[in-house]
Amino acid sequence: MKFLDQIAERLWSFFSSLKLALGIFITLAVSTLAGSIVLQRPIAEPGQLERVYSATTLHWLDLFGLLDVFHSWWYVLQLALLALTLTVVSIDMWPRFRARIRSFRSVLEATGEGELPEMHARLNHAQDPRSLGFKIAGLVGKRFRRPVVTEKDGKVHVAAQSAKYAHLGVYVIHTGIVLILIGGMITGMKGFEGMIQLSPGEKATAYFDRKIEGKRVPLGFEIRCLGARMEKYPDGAPKAYFSDLEIVDGGKVVASKTIKVNDPLSYQGIYFYQATFGQTAANERTSIALEVQDPKTKRSKVLATDFNKVETLPNGKGTLEVVDYAQNIPLDVEGHRKDLGEAVKIKLSENGETPRVIWLFKNFPNFDAEMRKGVYNLVFKNFVYDYDTVPVTGLQVARNPGINVTWFGAALLMAGLLSTFLIPHRRLWIVVSKDEVLVAAASHRHPESFGRKVKKLVKEISAELLSQKDPKKVAWSEKLSGGFHDPVPA
């Protein structure tokens, strides 16, 4: 058991070490910087990584997880270690913070000049200490909740404090940071990102995973694009992009929205963001014109056809089919390149012969007549390609299951920072003896502001209860390490 206790103690000391926390912060910062500098797979366009990095560089980046830093196991491990360290440090500091909260005493025992808090004042009086003490308690009650009045050794002690739990702001900050880290871990392990491209009228039931190129992942429902449009400035420059989307689940429309940048559609924890916008070809059309010449009669016929469409030759003497098109065919002649220009590949069968493949060249109309000498001479006349353009919207698909935890942590972090820096723990003691009123005050933050308020209270006690109208009769002392210095002279 002693051996286990020693191991537990060493582990506790290790995880509560400031050096460990600083080391994790540094490595986390370096990792985040790497994820910002290196192009990340989840946000890269298809083929972009291959254009940016060489094959060797891409291999090593992928091997060390640098292409998807924020979802890598080692990045999530750093978040977990930092969360664990903050938790251990918070537990380790708790006895000291608990002592600060509980250390307030309603009786100020030490009243010597060198033993008093940084702010104090002394006033002379000739009244009954008990009656005067309770009157002063009434004045203090206007500024502090529930002042404590204690009678001891012929003196009346009035004590009050405010925001004693302000010391716990550090714990609120630590809790917020830990929740942010937990949210990041949840997203890193369970979240995903992908892309969908849709034109108006199209639908999709899966997205392309941006981590693994080409991988399609089912959504579990159907998303439809009803419309996509672009808004422009007067000079024609793009201003905003919009997509009209609807979600169909179980045969019913369950959600719909017109999305734009930073205003996504959300369903079942999956967000659809407006990512890209462009134009794509639709209703593609091709038309190929061939001329069929009879070498005997010199008669010719123009044949309008298309790819993979079987056409019958005149008089039923065979068939032809266009199977391919090339914008240019280069030819290497004795080390010199010669461009033959446009050409089509034909699958031809004449008089029941076995089909064979031949090429026809637009720039050489007599090529078939001179080279093949078939039943008919074929000439490639023209090739026309046409299409319509339709808008295409690129949707980023993302699931961030830790987002609510992260937002709650961020809210706690802001609340903790505000409470720590703007709400100080303030303490006030007033001791009324038979001939003197001692006022002492302390504040763990912003003592200058609290000092001004205490000085107003001192002057109010002097003027209203002691009938001392001249503030010069009030001895005020401040022992501050810097900042506000405006003592009232004795």
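**Remarks on the nonpolar core**
Of all hydrophobic cores here, the largest spans 25 residues; its most connected members are Ile-136, Val-140, Leu-428, Ile-430, Val-437 and Val-439. The element that contributes the greatest number of residues to this core is helix α10 (residues 447-465), accounting for six residues. Sequence-distant contacts of Val-140, that is, excluding residues within four places in its chain, are made with Pro-147, Val-158, Ala-160, Leu-428, Ile-430 and Leu-457. Ile-223, Ala-228, Ile-270 and Phe-277 belong to the second-largest nonpolar core, a separate cluster that totals 22 residues.

**Details of helix α2 (residues 18-37)**
Its 20 residues give α2 an end-to-end C-alpha distance of 29 Å, which sits within 8% of 28 Å, the value for a rise of 1.5 Å per residue. Burial in α2 covers these residues: Leu-20, Ala-21, Ile-24, Leu-28, Ser-31 and Gly-35. When α2 is viewed along its axis, its buried side chains cluster within an angular range of 95° and face the same direction. Turned more than 90 degrees away from the buried face of α2 sit Leu-18, Lys-19, Ile-26, Val-30, Ser-36 and Ile-37, all of them exposed.

**Structural notes on the environment of Ser-16**
By secondary structure assignment, the location of Ser-16 is in the loop between α1 (2-15) and α2. It is 88 Å that separates the C-alpha atoms of Ser-16 and Arg-372, two residues lying 356 residues apart in sequence. When residues no more than four places from it in sequence are discounted, the contact partners of Ser-16 are Val-88, Val-89 and Asp-92.

**Describing the packing of helix α7 (residues 169-190) against helix α9 (residues 403-422)**
At their nearest, the axes of α7 and α9 sit 7 Å apart, and the two run at 160° to each other. By the angle between their axes, α7 is roughly antiparallel relative to α9. α9 is crossed by α7, and the crossing has left-handed handedness. Class assignment for the residues of the contact of α7 with α9 results in 16 nonpolar, eleven polar and no charged.

**Considerations on helix α5 (residues 73-102)**
Taking 1.5 Å of rise per residue, the 30 residues of α5 would be expected to cover 44 Å, and the 43 Å separating its terminal C-alpha atoms lies within 8% of that figure. The largest bend in α5 comes to about 45°, at Trp-94, with the proline Pro-95 one to four residues further on.

**A word on the pattern of salt bridges**
Summed over the entire model, instances satisfying the criterion amount to 18 salt bridges. Residues Lys-347 and Glu-321 are paired through a salt bridge, measuring 3.8 Å at the closest nitrogen-oxygen approach. One end of the pair, Lys-347, is in strand β16 (residues 343-350); the other, Glu-321, is in strand β13 (residues 318-326), with 26 residues separating them in the sequence. We note a salt bridge from Lys-362 to Glu-342, for which the minimum N-O separation is 3.7 Å. Of the two residues, Lys-362 is situated in the loop between β17 (356-361) and α8 (367-371) and Glu-342 in the loop between β15 (336-339) and β16; the sequence distance between them amounts to 20 residues. Through salt bridges with shared partners, one network takes in Lys-203, Glu-222, Arg-224 and Glu-246.

Thresholds, definitions, all that
- Residues numbered from 1 in each chain as written.
- Predicted model: local features only at pLDDT ≥ 70, side-chain atom pairs only at ≥ 80, totals over all residues.
- Heavy atoms only, no water.
- Core = buried A, V, L, I, M, F, W, Y, C linked by side-chain atoms within 4.5 Å.
- Buried < 20%, exposed > 50% of the residue type's maximum accessible area, 1.4 Å probe, protein only.
- Helix = DSSP H or I, 4+ residues; strand = E, 2+ residues; numbered from the N terminus.
- Contact = heavy atoms within 4.5 Å.
- Expected span 1.5 Å × (residues − 1).
- Arc of directions from axis to C-beta.
- Axes fitted to C-alpha atoms, helices over the stretch in contact; angles between N-to-C directions.
- Parallel < 35°, antiparallel > 145°, perpendicular 65-115°, else oblique.
- Left-handed = near helix turned anticlockwise from the far one by under 90°.
- Nonpolar A, V, L, I, M, F, W, Y, C, P; charged D, E, K, R; others polar.
- Bend = angle between axes of the 7 residues up to and from the residue.
- Salt bridge = Lys/Arg side-chain N within 4 Å of Asp/Glu carboxyl O.

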